[in-house]
Amino acid sequence: MEKKNFTVSAYTENNIGLLSRISAIFQRRHINIESITASRSEVNEVMRFVIVVSVTEEQVKKIVRQIEKQIEVIKAFYHLDEDMIYQETALYKINSAEFVEDLSIQDFIKESNARIVTVTPKFFVIEKTGKRHETDSLYEKLKPYGLMQFVRSGTIAVTKSEMPISNILEKFDTTN
């Protein structure tokens, strides 16, 4: 079986230590987590973990089963990239002197649909939201201009199709 990128979504109660136990499931199988994001979900008191991994379908099925064994996990799913709408956000801190000296930076900021969020005499900060290859591309373009800092969020994603979790979450919401 070939490895593919899978997005695992886990809907959970918000309890201390759950992130550690979920990450241990991947660690025990020697699977690297490419991206992990946690946030509240569409239902009150329910968290959603979005975890991106490169594994076989057999491996991701086992991972989802193990995640669902955690007592605080309501339900977990996995999807391929083509089943998801996903984005990441990146911030780039650039030396202001370079920005003033080379106006072509402004051109590729506009071309990449990035935006300048902060400007000071010493630095400016650019924000780019998009797919991983888009944030990587802007990184490579900005690197020669004095990239002082770089940070990228984890993947955030929603499914293209309706998720069967909605009914389960509604039942969970009324019981709490």
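Residues numbered from 1 in each chain as written. Predicted model: local features only at pLDDT ≥ 70, side-chain atom pairs only at ≥ 80, totals over all residues. Heavy atoms only, no water.

The name given to the chain in an unreviewed UniProt entry is Acetolactate synthase small subunit, with Salegentibacter echinorum as the source organism. Listed in UniProt under the heading Function (unreviewed entry), the comment for the chain reads: "Catalyzes the conversion of 2 pyruvate molecules into acetolactate in the first common step of the biosynthetic pathway of the branched-amino acids such as leucine, isoleucine, and valine." The Subunit (unreviewed entry) field of the UniProt record for the chain holds the comment "Dimer of large and small chains." (UniProt positions renumbered as here; feature names shortened; annotations may be inferred.)

Caption draft 1: Highlighting the overall build of the chain. On a plain count of helices and strands, the chain comes out with six helices and nine strands. The principal-axis extents of the C-alpha atoms in the chain amount to approximately 60 × 40 × 30 Å. Expressed as a percentage of its 176 residues, the buried residues of the chain come to 39%. Look at the contacts in the chain between residues 6 or more apart in sequence, and 76% of them connect residues 24 or more apart. (Helix = DSSP H or I, 4+ residues; strand = E, 2+ residues; numbered from the N terminus. Buried < 20%, exposed > 50% of the residue type's maximum accessible area, 1.4 Å probe, protein only. Contact = heavy atoms within 4.5 Å.)

Caption draft 2: View of the domain arrangement of the chain. Segmenting the chain into domains produces domain 1 (4-84) and domain 2 (85-152). Each of domain 1 and domain 2 has a C-alpha centre, and these two points are 31 Å apart. (Domains from an automatic or database assignment.)

Caption draft 3: Region of interest: the packing of helix H1 (residues 18-28) against helix H2 (residues 57-68). Running from N to C, H1 and H2 cross one another at 150°; their axes reach a closest spacing of 10 Å. Viewed along their axes, H1 and H2 adopt a mutual orientation that is roughly antiparallel. Here the hand of the crossing between H1 and H2 comes out right-handed. For the pair formed by H1 and H2, the contact residues are Ile22, Ile25 and Phe26 on the first element and Ile63, Gln66 and Ile67 on the second. Looking at the contact of H1 with H2 residue by residue, the classes come out as five nonpolar, one polar and no charged. (Axes fitted to C-alpha atoms, helices over the stretch in contact; angles between N-to-C directions. Parallel < 35°, antiparallel > 145°, perpendicular 65-115°, else oblique. Left-handed = near helix turned anticlockwise from the far one by under 90°. Nonpolar A, V, L, I, M, F, W, Y, C, P; charged D, E, K, R; others polar.)

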